[in-house]
Amino acid sequence: KRMSKLAEKMGGGKGLDAILELVGTEFDGVVKAVSKNDRRCYYVQPLVRRDGTINDELHLPVGIATPSNGAGSTQELLLPGDEVRIKIDGIDEKRGQLAMTLLE
């Protein structure tokens, strides 16, 4: 059910394929919220830029970002509105969300 909601947000199967094509790509993002279940996880809106401006053609949904292995305990707590660097990991099928890694 959650995967179908994500597919709907992304315009169907082609949208999910677009996410999978971006696996490994790094983007800037904005923290939207801190996870209530895991204070080290953040809901982040990826900012897809082309030539320094936001690319409206490819709008990725807010997804869940977890710290990279090296960033775990030493990472500062982030707040909504903070800008971060993320790497797209794919789709978290259990949550039906975009999965990302917070980079150091």
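Going by the structure above, here's the rest.
Residue positions are given per chain, counted from 1 along the sequence in the order it is written. At least 70 in pLDDT is required for a residue's local features to be given in this predicted model, at least 80 for side-chain atom pairs to be given and counted, and no such filter applies to totals for whole chains, interfaces and linings, which use all residues. For the side-chain quantities, the full set of heavy atoms in the structure was used; hydrogens and water were omitted.

Colleague: Could you give me a rundown of the sheet that holds strand S2 (residues 42–47), with the residues and numbers involved?
Modeller: A pair of strands is considered paired only if DSSP assigns at least 2 bridges between the two. Every helix listed is a DSSP run of H or I at least four residues long, and every strand listed is a run of E at least two residues long, numbered separately from the N terminus. Spatially, S1-S2-S5-S7-S6 is the arrangement adopted by the 5 strands of the closed barrel, whose pairing is mixed. Put simply, the sheet's adjacent strands are angled 55° from each other on average, direction ignored. Angles here are taken between N-to-C directions and fall from 0 to 180 degrees, while the axes themselves are lines fitted to C-alpha atoms, restricted in helices to the stretch in contact.

Colleague: So what's going on with the pattern of salt bridges? Which residues, and what values?
Modeller: Salt bridge criterion: a side-chain nitrogen from Lys or Arg within 4 Å of a carboxyl oxygen from Asp or Glu. Inspection of every chain in the model, using the stated rule, returns 4 salt bridges. The partner of Asp89 in a salt bridge is Lys87, with the nearest N and O atoms 4.0 Å apart. When accessible area is computed with a 1.4 Å probe and restricted to protein chains, residues below 20% of their type maximum are described as buried, those above 50% as exposed, and intermediate ones as partly exposed. The exposure class assigned to Asp89 is partly exposed, which follows from its relative accessible area of 34%. On the basis of relative accessibility, which here comes to 28%, the residue Lys87 falls in the partly exposed class.

Colleague: Any chance you could break down the nonpolar core for me, citing the residues and the numbers?
Modeller: The set of buried Ala, Val, Leu, Ile, Met, Phe, Trp, Tyr and Cys residues whose side-chain atoms join them within 4.5 Å is what this entry labels a nonpolar core. If you look at the biggest cluster of nonpolar residues, it comprises 17 residues, and the most contacted ones within it are Val44, Leu60, Ile86 and Ile88. Within the residue set of this core, elements represented by two or more residues are strand S1 (26–34), S2, strand S6 (83–92) and strand S7 (97–102). Among the elements that line this core, the one with the most residues is S6, at 4 residues.

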